[in-house]
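A closer look at the structure
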Amino acid sequence: MKTDIKQREVIIIGGGLGGLSAGIHLRLAGCRVTILEANELVGGRANRITEQGFTFDTGPSLLNYPWVFEDLFSAAGKRFTDYVEPIAVDPSVSFQWRDGTRFNLSSNLQSLLAECERIEPGSRPGLLAFLHDASIKYRMSFEKLVNRNEDNPLKWFSALAPGEISRLSIWRSLDSELGRFFKKRYIREAFGSYGMYLGGSPYDLPGLFSILAYGELAYGLWLPKGGIYGLVEGIERLARELGVEIRTSHRVARIVVEQRRVKGVELQDGGFIPVGQGGVVVSNVDVPTTETELLAPAPARYSAPRMTPGVMTFYWGVRGKVEGIGHHTIFLPDDFRRAFNELLTEKKIPEDLPFYVSVASETDPDLAPPGDSTVFVLVPTPLLSEMPELGKVQTVDKVRRVVLDRLSAERIVIDPSQIAVERVLTPEDWRRRFGLYDGSAFGSAHTLFQVGPFRSPNFSRRVEGLFFVGASTTPGTGMPMVVLGGKLTAERVLERVR
Ligand SMILES: Cc1cc2nc3c(=O)[nH]c(=O)nc-3n(C[C@H](O)[C@H](O)[C@H](O)COP(=O)(O)OP(=O)(O)OC[C@H]3O[C@@H](n4cnc5c(N)ncnc54)[C@H](O)[C@@H]3O)c2cc1C
């Protein structure tokens, strides 16, 4: 019997950006949607810490592909900028090497050309060719691959003409792809460093991922007023206005399944919420966590995908202005290949630590008390299972020391006495607070055989009525991708559940 769409009950476990997006799209299709979020605030990894007048975004700090968010609001007949006030960040990201080289990205083509020419004399034609090539890859990827549900690899690829497949540079590494356009290490390393967020090194990730750097250059980098959490608040407001019911501080202990069909969810406080006939559960909790904890006992044959690294994040409320640094800076090591190798193969914190610093108060001074700075530091680490001592005080102290030393070597002085507020999240904290599997910051890796139809699908193959949304399912990780993923999951629910 077909259930009337208006009677269809949808429970979404987790109010991360993917969960909110799926909730909005399913509500727009007429379903009754309830989001159950374990924490006090929605947003998931994109959360907020406030202390003594300092406002920190916990996770994401680089907002790109604004068109994805505009599309989400326009699907509901609303205007993005009526809910969120995006501020352009330009120059966007700076890359800094130990030898003093600094490379500033910009979405302004003339500035970018001049900067590339300064870093790599003669690189102008290479940059123009790179932008042209990556723009085609970007358009093809979003129009033909990313934006649809397809589980059959042959059908997935058949959306592309043979010439288009070879243009995607799937069989070439990201580093050699970049090497087609840039000869010196600096631009290659800067654009290749994005690979870390995808869980691979530029020496093994597919060349297709040159679109990450391109997307940021072409569509700009943004900070919503109020920080990234300003975006979450805008999306939460939209969801509530549409009638999505959001219950925070509601932790789900178990997804209840009977005869291979989802029946509802059991809360940690013992309560049971049924989904009724034809109802569905969408889990926004990291897929391997859902499989191993919420659907426990996990099937013997479940093998978790390869995950992206963990992160140790520091939140410093610093008295005064931090001189010599802009909003976004990535500090790169001397031996780039070795650092990736140490992190991903030897499974240790690299000796010459690459890390990222965001001083969001540079763009939105209201994020700190007058004249002060909000500083966020992100250090990539192995996974919890690979380095169990990650949560120890000694490890945190050592990493903090290395970061401060490198900053001061670059003449960016933050004296520990200036740090009025400090919060730290170790990979174990990320796991416990947000359910991130093995402490992995960005979810499943985007290696060649973990993208598109090879990635964990957004529906369960063994439990009818169970769906997934978020970083570890399709299309992948990052705020824009999980928001796009919310639409894809909603389409999947509507097409599969009769
Ligand atoms: C440190 C860091 C920096 C990042 N930087 C960027 C960036 O600059 N730009 C970018 O685009 N992306 C960035 N990302 C990636 C981006 O944050 C994620 O890809 C995206 O936010 C993940 O969204 P999601 O939908 O998978 O949900 P998640 O954020 O994983 O949310 C899942 C939700 O489920 C809830 N939950 C878990 N278990 C339960 C349970 N049992 N019951 C109820 N609720 C539960 C959690 O509390 C959480 O709210 C970063 C991530 C991290 C960690």
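Residues numbered from 1 in each chain as written. Predicted model: local features only at pLDDT ≥ 70, side-chain atom pairs only at ≥ 80, totals over all residues.

1. A short note on the overall build of the protein chain
Our working rule: A helix here means a DSSP run of H or I that spans at least four residues, while a strand means a run of E at least two residues long, and both kinds are numbered starting from the N terminus. A radius of gyration in this sense is built from C-alpha atoms; the matching globule rule multiplies 2.2 Å by the number of residues raised to 0.38. Three exposure classes are used. Buried residues have 20 or more other C-beta atoms within 10 Å of their own C-beta, exposed residues have 12 or fewer, and partly exposed residues fall in between, all C-beta atoms being placed from the backbone. Contacts are defined on C-beta atoms placed from the backbone: any two residues whose C-beta positions lie within 7 Å are in contact.
Secondary structure summary: the protein chain contains 16 helices and 19 strands in total. In terms of overall size, the protein chain behaves like a compact globule, its C-alpha atoms giving a radius of gyration of 22 Å where 498 residues would be expected to give roughly 23 Å. The principal-axis extents of the C-alpha atoms in the protein chain amount to approximately 70 × 55 × 45 Å. With 498 residues in all, the protein chain has 53% of them scored as buried. Across the protein chain, every contact between residues at least 6 apart in sequence was considered, and the portion connecting residues at least 24 apart equals 71%.

2. Observations concerning the nonpolar core
To be explicit about the condition: A set of buried Ala, Val, Leu, Ile, Met, Phe, Trp, Tyr and Cys residues, joined through C-beta atoms within 7 Å, is what we mean by a nonpolar core.
Ranked by internal contacts, the top residues of the largest apolar core, which has 143 residues, are Val281, Val282, Phe355, Val377 and Val379. In contact with Val281, not counting residues within four places along its chain, are Ile11, Ile13, Ile255, Val262, Val265, Val275, Gly465 and Leu466.

3. What about the site of the ligand?
Convention followed: Placing a C-beta atom from the backbone of each residue, we mark the residue near a molecule or strand if the atom is within 6 Å of it. For the purposes of this description, domain bounds are those given by an automatic or database domain assignment.
Every one of the 36 residues lining the ligand counts as a neighbour, but Gly14, Gly16, Gly18, Gly44 and Gly470 are closest to it. Those elements giving two or more residues to the shell around the ligand turn out to be helix H1 (17–28), strand E14 (310–318) and helix H16 (479–496). Ranked by residues supplied to the shell around the ligand, first place goes to H1 with three residues. Looking at the shell around the ligand, you find at least three residues from each of domain 1 (5–86 + 226–305 + 442–496) and domain 3 (309–435).

4. What about the sheet that holds strand E18 (residues 419–425)?
We count it as follows: A strand pair is defined by DSSP finding two or more bridges across the two strands. Only C-alpha atoms enter the line fits that serve as axes; for helices the fit covers just the stretch in contact. Angles between N-to-C directions range over 0 to 180 degrees.
Overall, mixed pairing links the seven strands, which are arranged E7-E6-E15-E16-E17-E14-E18 in an open sheet. Single-partner strands in this sheet number two, and they are strand E7 (102–104) and E18. Averaged over all pairs of adjacent strands, the angle between strand axes in this sheet comes to 15°, irrespective of strand direction. Examined bridge by bridge, E14 and E18 share six bridges and lie antiparallel to one another. Within E18, the position partnered with Gly317 by the bridge is Val421.

5. Concerning the domain arrangement of the protein chain
Applicable threshold: Any residue outside Ala, Val, Leu, Ile, Met, Phe, Trp, Tyr, Cys, Pro, Asp, Glu, Lys and Arg is labelled polar, Gly included; the first ten of those are nonpolar and the last four are charged.
Here the protein chain is described as being made up of domain 1 (5–86 + 226–305 + 442–496), domain 2 (108–219) and domain 3 (309–435). Domain 1 and domain 3 are separated by 28 Å when their C-alpha centres are compared. On the side of domain 3, 18 residues touch domain 1, which itself brings 18 residues to the contact. If you list the elements that add at least two residues to the side of domain 1 that touches domain 3, you get strand E3 (48–51) and strand E4 (54–57). In terms of residues, the side of domain 1 that touches domain 3 owes the most to one element, E4, which gives four residues. A per-class count over the side of domain 1 that touches domain 3 returns five nonpolar, nine polar and four charged.

6. Details of the packing of H1 against H16
Here is the rule: Angles below 35 degrees are treated as roughly parallel, those above 145 as roughly antiparallel, those between 65 and 115 as roughly perpendicular, and all remaining angles as oblique. Should the near helix be turned anticlockwise from the far one by less than a right angle, the crossing is left-handed, and should it be turned clockwise, the crossing is right-handed.
Taken N-terminus to C-terminus, the directions of H1 and H16 make an angle of 40°; their axes are 7 Å apart at the nearest point. Between H1 and H16, the interaxial angle falls into the category oblique. In the packing of H1 onto H16, the handedness of the crossing is right-handed. Only Met479, Val482, Val483, Gly485, Gly486, Lys487, Thr489, Ala490 and Val493 of H16 make contact with H1, whose side of the interface consists of Leu17, Gly18, Ser21, Ala22, Ile24, His25 and Leu26. By residue class, the composition of the contact of H1 with H16 is nine nonpolar, six polar and one charged.

7. Some words on helix H11 (residues 228–242)
Quick note on the threshold: In this scheme, a helix's expected span is set at 1.5 Å multiplied by one less than its residue total.
The first and last C-alpha atoms of H11 sit 22 Å apart over 15 residues, in line with the 21 Å expected at 1.5 Å per residue. Three or more residues of H11 are buried, namely Ile228, Tyr229, Gly230, Leu231, Val232, Gly234, Ile235, Glu236, Leu238 and Ala239. Each element contacted by the buried residues of H11 is listed here: H1, E3, E4, helix H2 (66–75), strand E8 (222–224) and strand E9 (245–247). One or two residues past the end of H11 sits Gly243, with phi positive at roughly 105°.

8. Overview of the pairing of strand E1 (residues 9–13)
So the rule is basically this: When the strands point away from the viewer and the path from the first strand over the helix to the second turns clockwise, the crossover is right-handed.
Burial of E1 is extensive: four of the five residues sit out of reach of the surface. Sheet topology places E1 next to strand E2 (residues 32–36); five bridges connect them, and they run parallel. For Ile11, the partnering residue across the bridge sits in E2 and is Thr34. Regarding topology, H1 serves as the crossover connection from E1 to the parallel E2, and that connection is right-handed. Pairing analysis gives four bridges linking E1 to strand E13 (residues 280–283), with the strands arranged parallel. By the bridge assignment for E13, Ile12 is matched with Val282.

9. A short note on unusual backbone geometry
The residue after Ala296, namely Pro297, is reached through a cis peptide bond having omega 0°. Tracing the backbone through its elements, the reader meets Pro297 in the loop between helix H12 (287–294) and E14. Of the consecutive residues Thr474 and Pro475, the connecting peptide bond is found in the cis state with omega at -5°. Positive phi, close to 45°, is recorded for Gln52, a residue that is not glycine. Locating Gln52 in the fold gives a position in the loop between E3 and E4. The residue Arg260 is not glycine, and still its phi comes out positive at about 65°. For Arg260, the location among the structural elements is in the loop between strand E10 (252–258) and strand E11 (261–267).

10. As for H12
Of all eight residues making up H12, six are buried, and the element is well covered by its neighbours. As for H12, its buried residues are in contact with E10, E13 and strand E19 (466–468).

11. Points about the sheet that holds E19
The strand order across the open sheet built from five strands is E9-E2-E1-E13-E19, with neighbouring strands paired in parallel fashion. Edge positions in the sheet fall to E9 and E19, since each of these pairs with one other strand and no more. Strand-to-strand twist in this sheet, taken as the mean axis angle between neighbours without regard to direction, amounts to 20°. The sheet contacts of H1 involve E1, E2 and E13, and relative to E2 the element is tilted by about 165°. Sitting on the sheet, H16 touches E13 and E19, and the angle it makes with E19 is about 160°.

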